[in-house]
Amino acid sequence: MIDYAKVSLKAGDGGNGAVAWRREKYEPSGGPAGGDGGKGGSIIVKATRNLSTLDEFRYKKNYRAENGQAGGKNKKFGKKGEDLYINVPMGTVIREAGSNVIIKDLNKDGEEFVIAKGGKGGKGNVHFKSSIRQAPRFAEPGKKGQEIEVVFELKILADVGLVGLPNVGKSTLISVITKAKPKIANYHFTTLDPNLGVVNIDRERSFIVADIPGLIEGANEGNGLGHDFLKHIERCRVLVHLVDISGIEGRNPNEDFKLINKELSLYNHKLKDKPMIVALNKSDLDFNNNREEFIKEFNDSYQIFDISAATTKGIKDLVDGIYNTLENAGGKVFDLIEDVDEDFLDQYYNEKINYDLNYKKENDIYIVYGSRVDSLLEKVDFNDYDGSMYFEKTLREMGVLDQLKKMGIEEGDSVAFGDIVFEYYE
């Protein structure tokens, strides 16, 4: 089962604004008529209950939304780029790959999240006409679409999680209470992937159960199947701990129970706060009366059921007990190890694209750089007088000239914007 994937996402770039002129009969004066470019397509991640793994991302790692089209003449707008939808299973957590910050937790069917925003289309030259600039020969380029590398991590959403050591009967139990068909055999680690099934008690009562592969000592440190599957337990509202009460493998049921609970708590301390039901499996083979010792030690702390998954003894009582515990637990929100930082993308996008403006001085040259400067340089033709005037006016509006004065710039000093160096004059 694929439950982890790293992918690169690139939203569509906005289309460039057009430089065009009116060429209509009986309109000798003409005038600017360049249309705006279309907005680039965004990338939207959508959760669906129709998927259960991240298999789609096994081979495809790069996703690109459509670019917006350039503006046309006669003030025609360019076509907007198509948005790209990426479907993921419910329970998928999205992390920014570099920082590992959680930026979204998609745990509702149909929930959507715009993860990469398409770039705005550039304005055509019709927008830059003024009383002193009658024929602007420049237009605005489209903005770049956001790009980001993310990690999709699937944490199964189930009401109930079955936990316990390998070969205690979890797969057999889920095959009895649901229509799931897990692999069952008399050896450890039969289950290598979590199995999901729906328990239908009657028309109005049901719940989803997940068979979590067997845990061993040191699982919280990655031993055995370790972290690969412990993360799936975090989303369950109730845990059912299966214990092989027969002891036929020479193990002590009480110590086994303590061992698994310790591993759960070490992995995520919140797990110890989840409601836990204990199912003493293989009770029909308890020839050494292990149950008596178990009840003596744990009866005051846990709800305990005697069952035999192989013969279905006690299964109805266990299922009813699980459902009642779920009802008492209510609709508690699924826990995460880390808090979701839903402001991350906005901060990232604005910082990188909208507000990046920097100053420094090297070798007696004042240097102004950043994405805002790059965007301004792209739209200006310095061979055109109107373009040069627009460049200077925009620098004033951006506060660049005021900042240079604060830094001590004087007439005749050199100031660089990108690859272009000017002499500064008031």
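Details of the structure are given in the entry above.
These figures come from a predicted structure and were not determined experimentally.

(A) Representation of the environment of Pro-166 within the structure. Relative to the helices and strands, Pro-166 is located in the loop between strand S9 (160-163) and helix H1 (170-177). We classify Pro-166 as buried; its relative accessible area is 11%.

(B) Up close: the pairing of strand S16 (residues 365-369). Looking at chain direction, strand S15 (residues 358-362) and S16 are connected through five bridges and run antiparallel. Of the residues in S16, the one forming a bridge with Glu-362 is Ile-365. Hairpin remark: S15 followed by S16, antiparallel, with two residues in the connecting loop; positive phi at Asn-363, about 50°. Where S16 and strand S17 (residues 414-417) come together, four bridges link them in parallel fashion. Its bridge partner lying in S17, Tyr-366 is registered against Val-415.

(C) Representation of the sheet that holds strand S4 (residues 84-89). Ordered in space as S4-S2-S7, the three strands form an open sheet in which the pairing is mixed. On the outer flanks of this sheet lie S4 and strand S7 (112-116), each paired with one strand and no other. In this sheet, adjacent strand axes meet at a mean angle of 30° when their direction is disregarded. Note that strand S2 (residues 43-48) and S7 share four bridges and pair antiparallel. In the strand pairing of S7, Ile-44 is matched with Val-114.

(D) Examining the packing of aromatic side chains more closely. Throughout the structure, instances matching the rule amount to eleven aromatic pairs. Arranged with centres 5.2 Å apart and planes meeting at 70°, the rings of Phe-257 and Phe-294 form a pair that is edge-to-face. On the criterion of sequence distance, the pair formed by Phe-257 in helix H3 (residues 253-267) and Phe-294 in helix H4 (residues 290-298) is long-range, its members being 37 residues apart. The class of Phe-257 is buried, set by a relative accessible area of 1%. Judged by its relative accessible area of 0%, Phe-294 is buried. Ring geometry for Phe-391 against Phe-417: centres 5.5 Å apart, planes inclined by 85°, an arrangement best described as edge-to-face.

Thresholds, definitions, all that
Residue positions are given per chain, counting from 1 as you read along its sequence in written order. Selection of residues for local features in this predicted model requires a pLDDT of at least 70, selection of side-chain atom pairs for listing and counting requires 80 or more, and totals for whole chains, interfaces and linings are taken over all residues. With hydrogens and water set aside, each side-chain value is computed from the structure's full complement of heavy atoms. Elements are defined by DSSP. Helices are runs of H or I of four residues or more, strands are runs of E of two residues or more, and each kind is numbered from the N terminus. Any residue under 20% of the maximum accessible area for its type is buried, any over 50% is exposed, and the rest in between are partly exposed; the area is computed with a 1.4 Å probe on protein chains only. Paired strands are those between which DSSP finds at least two bridges. Every axis in this analysis is a line fitted to C-alpha atoms, fitted for helices over the stretch in contact. Angles between the N-to-C directions lie between 0 and 180 degrees. Centre distance within 6.5 Å is the pairing criterion for rings of Phe, Tyr and Trp, where only the six-membered ring of Trp is used; planes under 30 degrees apart are then read as stacked, over 60 as edge-to-face, and the remainder as tilted.

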